[in-house]
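# Structural description and commentary
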Amino acid sequence: MTAPTRPATGEQFEIAAGDTRAVITELAAGLRLFEVAGTALTETYDDDAIAPGAAGVTLAPWPNRIAGGRWTQPLPDGGTKVQQLDITEPSRGNASHGLLRNTGYTPIEHRAESVTLSAGIYPQHGYPFHLTHEVHYAVSDDGSLSVRQRLTNRGTGTAPVALGAHPYLRVGDVPVDELTLRVEATTRVVADPQTLIPTGTEPVAGEHDLRGGVRIGALRTDSAYTGLTAVDGQHRHELRAPDGSGVQLWTGPECTYAHVFITEDTPGLGLAVAIEPMTAPANAFNSGDGLRWLAPGEDLTITWGIRRLTR
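What comes next is a walk through the structure.

Rules used in this analysis
Residues numbered from 1 in each chain as written. Predicted model: local features only at pLDDT ≥ 70, side-chain atom pairs only at ≥ 80, totals over all residues. Heavy atoms only, no water. Buried < 20%, exposed > 50% of the residue type's maximum accessible area, 1.4 Å probe, protein only. Helix = DSSP H or I, 4+ residues; strand = E, 2+ residues; numbered from the N terminus. Pairing = 2+ DSSP bridges. Contact = heavy atoms within 4.5 Å. Phe/Tyr/Trp six-rings, centres within 6.5 Å; stacked < 30°, edge-to-face > 60°. 1 Å grid on protein atoms, 1.4 Å probe; cavity = no way out; pocket = protein on both sides within 12 Å on 5 of 7 lines; lining within 4 Å. Points joined across faces, edges and corners; volume = space filled by probe spheres on them. Nonpolar A, V, L, I, M, F, W, Y, C, P; charged D, E, K, R; others polar. Polar contact = N/O pair within 3.5 Å; in protein donor to acceptor, adjacent residues only side chain to side chain.

### Structural notes on the pairing of strand β21 (residues 221-228)
- Counting buried positions along β21 gives 6 out of 8 residues, so the element sits mostly inside the fold.
- Inspection of the sheet shows strand β18 (residues 185-191) paired to β21 by 4 bridges, in the antiparallel sense. Of the residues in β21, the one forming a bridge with R188 is Y225.
- Across 5 bridges, the pairing between β21 and strand β25 (residues 257-266) is antiparallel. Residue pairing for β25: D222 is matched across the bridge by F261.

### Things to note about the side chain of N283
- Assignment of secondary structure puts N283 in the loop between β26 (270-278) and α1 (284-287).
- Under the relative-accessibility criterion, N283 is labelled buried at 11%.
- Once you skip the residues sitting within four places of it in the chain, N283 turns out to touch R65, I66, A67, I197 and P198.

### Quick notes on the packing of aromatic side chains
- Counted according to the given criterion, the structure contains 6 aromatic pairs.
- Pairing W62 with F285 gives two aromatic rings, centres 5.5 Å apart and planes at 65 degrees, and the pair type is edge-to-face. Pair noted here: W62 is in the loop between β5 (58-59) and β6 (65-66) and F285 is in helix α1, with a separation of 223 residues, a long-range link. Across the pair, F285 and W62 agree in class, each one buried.

### Things to note about the layout of surface pockets
- Looking at the largest pocket, its volume works out to about 350 Å³.
- Lining the largest pocket are 21 residues, with G53, R65, E89, H97 and F261 positioned closest to its centre.
- Its residues placed into classes, the lining of the largest pocket shows 5 nonpolar, 9 polar and 7 charged.
- Of the voids in this model, the second largest pocket is the one considered here, and its volume is about 200 Å³.
- Surrounding the second largest pocket, 14 residues form its lining, T88, G98, L99, N102 and Q124 being those nearest its centre.
- Residue composition of the lining of the second largest pocket, by class: 5 nonpolar, 7 polar and 2 charged.

### Considerations on the side chain of R170
- On the secondary structure map, R170 appears in the loop between β16 (168-169) and β17 (180-183).
- Within the structure, R170 has its side chain in polar contact with the backbone oxygen of G172 (distance 2.9 Å).
- Reaching out from R170, the side chain makes a polar contact with the side chain of D173 at a distance of 3.5 Å.
- With residues near it in sequence (within four places) discarded, R170 still touches A40, L41, T42, E43, L239 and V247.

### What about the sheet that holds strand β3 (residues 31-36)?
- What the 4 strands build is an open sheet, ordered β1-β2-β3-β4; its pairing is antiparallel. The open sheet terminates on both sides in strands that have one partner only, identified here as β1 (12-17) and β4 (39-40).
- Two elements, β1 and strand β2 (residues 20-25), share 6 bridges in a ladder whose sense is antiparallel. When the sheet's bridge partners are listed, F13 is paired in β2 with I24.

### Brief notes about empty space enclosed by the protein
- Tallying each qualifying case throughout the model produces 3 cavities of 30 Å³ or more.
- Every residue along the wall of the largest cavity is listed here: N64, R65, V189, A191, L196, P198, D222, S223, A224, H259 and A282.
- When residues of the lining of the largest cavity are traced back to their parent elements, those giving at least two are β18 and β21.
- Top contributing element to the lining of the largest cavity by residue count: β21, with 3 residues.
- Looking at the lining of the largest cavity residue by residue, the class counts come to 6 nonpolar, 3 polar and 2 charged.

In structure tokens form, the structure reads like this:
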């Protein structure tokens with residue numbers, strides 16, 4: 001008898017409440033599927049693939065990129081030490097998307113409507129710290145998914161950290177170019193087009209002003225936004241179909257950045273839209289923008305989620 005084939009992303013943790021369903025992967029504690037009443041609200045992929053374009057993965061202890069994988073660590077004696085991370089984006093020469101993208105998480109608790117996974121970050125090239133990253137997913141029968149990510153310093157040194165995630169959103173089978181994207185942000189982070197490392201910020205304008213809703217059409221972008229407007233303590237970003245239905249990504253106040261990535265170059269996805277909740281932009285280990293320093297025993301927690309929007 002042939003043994004069943006295990007998905008490339010490891011064990012799959014399904015959670016459901018009413019007609020709301022999600023699938024979480026062992027690899028990278030990733031969101032592989034979120035759907036309500038059979039309507040897909042995130043992109044997915046086949047069993048024999050890992051997450052294309054980092055679809056749905058969680059990002060710790062930093063999101064996005066660190067230029068050249070190099071940063072300078074302040075030392076207790078007042079000196080400094082240059083740290084060199086492994087280069088995980090060879091095409092641009094950066095360290096990208098943290099240290100757990102290729103790590104399997106351990107399930108801590110799995111219930112019908114929720115799952116909690118955890119993984120350790122151990123001292124390694126360019127990051128001499130010991131942390132744990134815990135991710136909790138829960139669904140509700142009102143058509144919503146909520147996520148809590150907690151990064152805790154288990155070591156003896158003060159560690160630089162930021163958190164994020166990489167969900168790609170969709171509205172069922174509605175073509176992506178027909179969707180309208182809305183991001184309530186006043187400021188765009190400007191980046192070098194070759195390295196995608198920030199060079200400054202500017203007020204949103206033209207096609208980069210997403211506050212009134214912009215039809216995706218031919219829009220392609222890979223930009224972080226900040227100056228986010230909060231409603232009832234949440235930052236809210238959305239995609240709407242022509243009929244008014246849609247999907248909303250919300251974040252707690254900790255996620256002061258949202259990265260918007262619209263691309264047609266991700267294998268297996270075609271034209272796709274990622275809206276990434278982040279506590280810091282790219283290269284935060286060098287710029288200090290949004291960066292947190294965790295003392296031993298301290299943690300950084302973020303909350304975010306996805307909701308179905310009705311007409």
